[in-house]
Amino acid sequence: MKFFFPKELEPETRVAAVPALLGKLKALEAEVVVQAGAGQAAGLPDALYEKAGASLSRDDAPLAEADFIGVVQPPPADWIRRLKKEAIVAGFLDPFSGRERLQAWAEAGVTALSLELLPRTTLAQKMDVISSQANLAGYNAVLAAAWHSNGALPMMMTPAGTLSPSKVLIVGVGVAGLQAIATAKRLGARVEAFDTRPEVEEQVQSLGAKFLKIDLGETGGTDQGYAKELTPAQLDLQRQGLAKACAQADIVITTAKLFGRKAPIIVTAEMVAGMKAGSVIVDLAAGTGGNVEGTVADRDLTTENGVLLIGESFLERGVPRHASQVYASNLVNLIEHFWDAESKSIPIHRDDEILKGCLLAHQGAIVHERFATA
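**Things to note about the packing of aromatic side chains**
This structure, assessed with the given rule, holds four aromatic pairs. When the ring of Phe 3 is compared with that of Phe 68, the centres are 5.1 Å apart and the planes differ by 50 degrees; the resulting orientation is tilted. Taken together, the positions of Phe 3 in strand β1 (residues 2-5) and Phe 68 in strand β4 (residues 68-70) put the pair 65 residues apart, joining distant regions of the chain. Taken together, the ring pairs connect Phe 3, Phe 68 and Trp 339 into an aromatic cluster.

See the structure below:
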């Protein structure tokens, strides 16, 4: 079986394969080809890939002959048309971007594995690209906020007086939120976190942060671990409680990023207007509409009252070496899980729990139940 890892299009800085993990693919007696320069933005020169046993391609010509192609971002339609029939493509394929792209996968006759659709089960945990990337996005969100903040995060006792620690509010206690809490605490900030799921209070406290309690009545999480959608009355109560917390915060980080639908507005323009001049908001959902009213994807804006809104869509790209490392590990784990040693291939069993969750296109058709009749 021939694996190919192409160079991602700018502004992507990550790569789907790292030299340290190529040995696992070589152990499967597979051929591994990497496009020259694929790891350059992540600080991984071509020489490291060659040393790890990969062949280098000067261009993306191997697309037409590879059996498995690993990508980070969804490729353009003209790229898809060049693939060999029955090849397997795995990555963030963004099936929500429109019917045209979905049709391109079907017409190409390839097997498309959309990794953002992987079921969030214990068995699939080691393949969970959403969690691995959200973890680093949460980390980098705190660093971005600290860099742009007009104050220091930790308390400092100096001959000139004592500096109070910055107050950081994390909204949403998923993977990104938990890492943001941990990072802000390491930097010495006073951290408060809010989530509609009361069961995460213990996790927040275990990291040394305070859990912001707002009585919303009955709430909870979905079977996929996300917070359930709130009623209009609950949303109003939430906004009232968060408005007070935002007004006291120096940094606010929102993490309610959703796939397939617009992110919910959690921090309204009125709440932003009530914040202090010099405060910083990092909206991790900027790429899907934003949790903060006024956020613009991939732009930094300053409001009339002096609050900075950071709308970077992919903060994990700011740490590309480690983002690539964990992403590649997720991908290798998926390959090893489904690898058939006898045929030296990856057979597609559509009734498999994991494949059923992420199999987008197969044998000339869109087969995922969510998109087959869309």
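Moving on from the coordinates now.
**Comments concerning the packing of helix α5 (residues 129-148) against helix α6 (residues 175-186)**
At a closest axis distance of 7 Å, the pairing of α5 and α6 adopts a crossing angle of 35 degrees. Like other packed secondary-structure pairs, α5 and α6 cross with a definite hand, here right-handed. On α6, the residues touching Ser 131, Ala 134, Asn 135, Gly 138, Tyr 139, Val 142 and Leu 143 of α5 are Val 175, Ala 176, Gln 179, Ala 180, Thr 183 and Ala 184. Classifying every residue of the contact of α5 with α6 by side-chain character gives eight nonpolar, five polar and no charged.

**Quick word on the sheet that holds strand β11 (residues 210-211)**
Taking strand neighbours across the sheet as the criterion, the seven strands line up as β11-β10-β9-β12-β13-β15-β14 in an open arrangement whose pairing is mixed. One side of each edge strand has no neighbouring strand; the edge strands of this open sheet are β11 and β14 (300-302). In this structure, strand β9 (residues 167-171) lies alongside strand β12 (residues 251-254), joined through four bridges in parallel fashion. Note that in β12 the partner of Leu 169 across the bridge is Val 252. Sitting on the sheet, helix α8 (residues 232-248) touches β9, β10 (190-194) and β12, and the angle it makes with β9 is about 150 degrees.

**Topic: unusual backbone geometry**
Residue Pro 11 is reached from Glu 10 by a cis peptide bond, and omega for that bond is 10 degrees. Mapping Pro 11 onto the fold places it in the loop between β1 and α1 (22-26). Notably, Glu 29 is not glycine yet its phi reads approximately 65 degrees, a positive angle. Relative to the helices and strands, Glu 29 resides in the loop between α1 and β2 (31-35). Even without a glycine there, the phi angle at Asp 298 is positive, about 60 degrees.

**Brief notes about the sheet that holds strand β6 (residues 111-114)**
Read across the open sheet, the eight strands follow the order β3-β2-β1-β4-β5-β6-β16-β17; overall the sheet is mixed. Because the sheet does not close on itself, it has two edges, and the strands there are β3 (55-57) and β17 (365-366). In this structure, β4 lies alongside strand β5 (residues 88-91), joined through three bridges in parallel fashion. Across the sheet, residue Ile 69 finds its bridge partner in β5, namely Val 89.

**A look at a nonpolar patch on the surface**
On the surface, Tyr 139, Leu 143 and Leu 187 cluster together into a nonpolar patch covering about 210 Å² of accessible area. Mapping Leu 143 onto the fold places it in helix α5. On the basis of relative accessible area, Leu 143 is assigned to the partly exposed category, the value being 31%.

**Overview of empty space enclosed by the protein**
The full count for this structure, using the stated rule, is two cavities of 30 Å³ or more. Considering only enclosed or pocket space, the largest cavity measures out at about 50 Å³ in volume. Elements with a contribution of two residues or more to the lining of the largest cavity: α1 and α10 (320-338). For the second largest cavity, the full set of lining residues is Leu 115, Glu 116, Leu 118, Pro 119, Arg 120, Ala 124, Asp 128, Val 129 and Ile 130. Counted by class, the lining of the second largest cavity contains six nonpolar, no polar and three charged residues.

Definitions and cut-offs
- Residues numbered from 1 in each chain as written.
- Predicted model: local features only at pLDDT ≥ 70, side-chain atom pairs only at ≥ 80, totals over all residues.
- Heavy atoms only, no water.
- Phe/Tyr/Trp six-rings, centres within 6.5 Å; stacked < 30°, edge-to-face > 60°.
- Helix = DSSP H or I, 4+ residues; strand = E, 2+ residues; numbered from the N terminus.
- Axes fitted to C-alpha atoms, helices over the stretch in contact; angles between N-to-C directions.
- Left-handed = near helix turned anticlockwise from the far one by under 90°.
- Contact = heavy atoms within 4.5 Å.
- Nonpolar A, V, L, I, M, F, W, Y, C, P; charged D, E, K, R; others polar.
- Pairing = 2+ DSSP bridges.
- Patch = residues over 30% accessible without salt bridge, like charges linked within 9 Å, V, L, I, M, F, W, Y side chains within 5 Å.
- Areas by Shrake-Rupley, 256 points an atom, 1.4 Å probe, with all protein chains shown as cover.
- Salt bridge = Lys/Arg side-chain N within 4 Å of Asp/Glu carboxyl O.
- Buried < 20%, exposed > 50% of the residue type's maximum accessible area, 1.4 Å probe, protein only.
- 1 Å grid on protein atoms, 1.4 Å probe; cavity = no way out; pocket = protein on both sides within 12 Å on 5 of 7 lines; lining within 4 Å.
- Points joined across faces, edges and corners; volume = space filled by probe spheres on them.

Worth remembering: the numbers are spatial, not functional.
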